[in-house]
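Residue-level structural notes
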Amino acid sequence: MVKVMRAALNVATVASDPEGFLRRQKDLFGDPVVVRVPGSGRMVISGKPEAARELFSGPLELFAVARPNMVEPLLGPGSLIMIDGEAHRRERRLLAPAFHGERIRGYGETMRAATVAQVAGWQAGQTVDLLEFGQQVTLRVIVRAIFGVADETRGARFAAATAKLLHGYSAKLVMPAYRNTVGRLGAVSRLRARLAEFDALLTTEIEQRRASGVEGREDILSLLLSARYEDGSGLSDGELLDELRTMVVAGHETTATTLAWALYHLHREPDLAARLADELAPLGDHPDPADLAAQPYLGAVCQEALRLHPVVPIVARQLVGPWRYQGVDLVAGDTAAVAPSLLHRNPEVWPEPFVFRPDRFVERKPKPTEYVPFGGGNRRCIGATFGEYELRVVLGSVIAAARFSMPADDRARAVPRARPTNITLGPNRALALRFDGVVSR
Ligand code: HEM
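Parameters at a glance
Position labels on residues start from 1 in each chain and follow its written sequence. Restriction of local features to residues with pLDDT of at least 70 applies here, the model being predicted, together with a cutoff of 80 or more for giving and counting side-chain atom pairs; totals for whole chains, interfaces and linings are based on all residues. To get the side-chain values, all heavy atoms of the structure are used, and hydrogens and water are removed first. Two strands pair under a simple rule: DSSP has to find at least two bridges between them. Working definition: helices are DSSP H or I runs of at least four residues, strands are E runs of at least two. Numbering for both runs from the N terminus. Note on definitions: a residue-residue contact is assigned when non-hydrogen atoms from the two residues lie within 4.5 Å. Angles shown run from 0 to 180 degrees and are taken between the N-to-C directions of axes, each axis being a line fitted to C-alpha atoms and, for helices, limited to the stretch in contact. Residue proximity to a molecule or strand is established when one non-hydrogen atom of the residue lies within 4 Å of it. Pairs of N or O atoms are called polar contacts if they sit within 3.5 Å, as long as, within protein, a hydrogen donor faces a hydrogen acceptor (for residues adjacent in sequence, only side-chain-to-side-chain pairs). Asp, Glu, Lys and Arg are counted as charged, while Ala, Val, Leu, Ile, Met, Phe, Trp, Tyr, Cys and Pro are counted as nonpolar; the rest, among them Gly, fall into the polar class.

**Details of the sheet that holds strand S8 (residues 335-338)**
Ordered in space as S1-S2-S8-S5-S3, the five strands form an open sheet in which the pairing is mixed. Because the sheet does not close on itself, it has two edges, and the strands there are strand S1 (33-36) and strand S3 (63-64). Both S3 and strand S5 (residues 315-319) contribute to a ladder of two bridges, which runs antiparallel. Paired with Ala64 across the two strands is Gln318, which belongs to S5. Of the strands in this sheet, strand S2 (42-46), S3, S5 and S8 touch helix H3 (residues 49-56), which is tilted by about 130° from S8.

**Description of the sheet that holds strand S9 (residues 402-405)**
Reading across from one edge, S4-S12-S9 is the order of the three strands in this open sheet, with antiparallel pairing throughout. Sheet topology places strand S4 (127-129) and S9 at the edges, where each strand pairs with a single neighbour. Sheet twist, expressed as the average angle between the axes of neighbouring strands with direction ignored, equals 50°. For S4 and strand S12 (residues 432-438), the ladder comprises three bridges, and the chain directions are antiparallel. Note on S12: the bridge partner recorded for Thr127 is Arg434. In the packing of helix H8 (residues 130-147) onto the sheet, contacts are made with S4 and S12, and the angle to S4 comes to roughly 60°. Here helix H20 (residues 384-401) sits on the sheet in contact with S9 and S12, set at roughly 85° to S9.

**Quick look at the site of the ligand**
Of all residues adjacent to the ligand, which total 26 residues, the nearest are His88, Arg92, Arg317, Arg379 and Cys381. In the model, an oxygen atom of the ligand is placed 3.0 Å from a nitrogen or oxygen of the Gly376 main chain. For the shell around the ligand, the secondary structure elements donating two or more residues are helix H5 (85-95), helix H13 (237-250), helix H14 (253-268) and S5. Looking at side-chain class alone, the shell around the ligand contains 14 nonpolar, eight polar and four charged residues.

Dropping the structure here:
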């Protein structure tokens with residue numbers, strides 16, 4: 001009975017405060033933390049650089065996607081996130097050209113324009129919800145990058161369907177017990193209806209692109225339509241839908257949440273916002289995206305936001321055979337994982353780990369095993385360069401254009417905790433700032 005109650009309490013704590021849960025387990029029992037996953041084996045989770053080295057250079061033939069997986073009902077079995085082994089290697093090779101630096105820099109002006117359009121809609125004195133701001137901008141950007149949709153109405157239709165698809169998505173849908181409960185059928189059928197609506201939009205776009213041809217087009221959809229595996233075949237329609245859905249979903253919420261955290265911390269300690277504004281001032285009213293991306297303090301602010309608030313709680317590999325990880329003998333079905341929140345707040349690596357201090361990245365470049373906001377090894381985030389560039393361009397453009405302040409009573413409150421939102425971790429209360437007006441030079 002005590003065991004059952006403890007398990008129920010653990011599940012509830014993980015759902016409301018996953019980072020706090022891991023930290024307390026580590027403080028009580030040491031690193032690695034070992035937990036039992038309902039319906040699966042043991043999960044061994046570490047926050048040590050040696051663990052990141054072990055996991056990201058581990059034996060690929062023993063690693064599979066961790067299941068049950070919270071994103072599967074939304075993204076589908078053909079998503080890059082959900083496939084393993086040779087199929088995963090082939091698919092990554094096919095998708096990689098869409099994420100090369102040169103291509104991503106081509107989206108810079110879209111990123112800047114989407115930010116400036118948001119600022120233009122604000123009135124001095126109003127409250128700006130930072131998550132909403134981040135999501136509006138990143139959705140516009142990802143829709144434009146994937147579909148090349150310059151037409152605002154079609155772009156807006158996509159953005160609305162994506163927001164609807166994600167709104168109210170419950171990661172609990174991954175648990176068969178939850179799915180099979182009659183009382184929950186509403187949630188399942190709601191997700192199905194939203195997926196059908198979203199996929200209908202994707203299908204129209206695919207058909208139109210096939211009809212008009214992909215010649216001379218730079219967007220990700222055109223690239224995927226013309227991409228060929230080594231044997232000359234292309235993606236099936238089902239794979240194409242799952243991959244497009246994956247890019248839209250994985251490609252905006254992550255960046256939007258990080259942007260919101262960065263703006264929040266910059267104004268919680270207003271000296272930081274002022275220092276960033278000083279760095280950007282010489283670039284003028286409409287800074288060039290490539291110039292923004294090269295600013296050292298702006299880059300450090302983005303890196304620090306990703307350190308203190310990693311949006312993916314666990315980077316995990318499920319085992320298909322025995323493997324020793326962090327001194328624990330694991331068997332097939334068990335999972336080896338690194339928790340970015342533990343690693344990024346490990347005091348042996350990061351002095352004063354709970355303080356938001358961008359300068360730590362100016363003073364020292366962390367080793368790849370000390371800093372893993374994008375995971376690592378053969379599954380490292382395929383959109384990392386895209387995400388990092390977008391963070392710099394959007395944050396730089398908004399700081400160059402607008403002035404904000406945080407009301408004193410908000411500044412006096414503790415930093416919000418992270419809790420699961422849609423498919424990532426986000427703040428457990430709204431992050432908001434007062435918009436004081438546009439910058440006049
Ligand atoms: C700040 C922004 C982002 C963060 C923090 C982030 C974080 C992550 C993390 C931690 C993983 C798991 C890596 C692993 O298992 O080792 C991942 C995977 C992935 N991300 Fe991102 N991501 C971001 C932006 C993006 C963008 C912009 C896209 C696409 C446009 C994207 C697409 C993906 C995909 C497809 C995977 C699966 C890769 C695979 O399994 O091979 N992400 N991301």
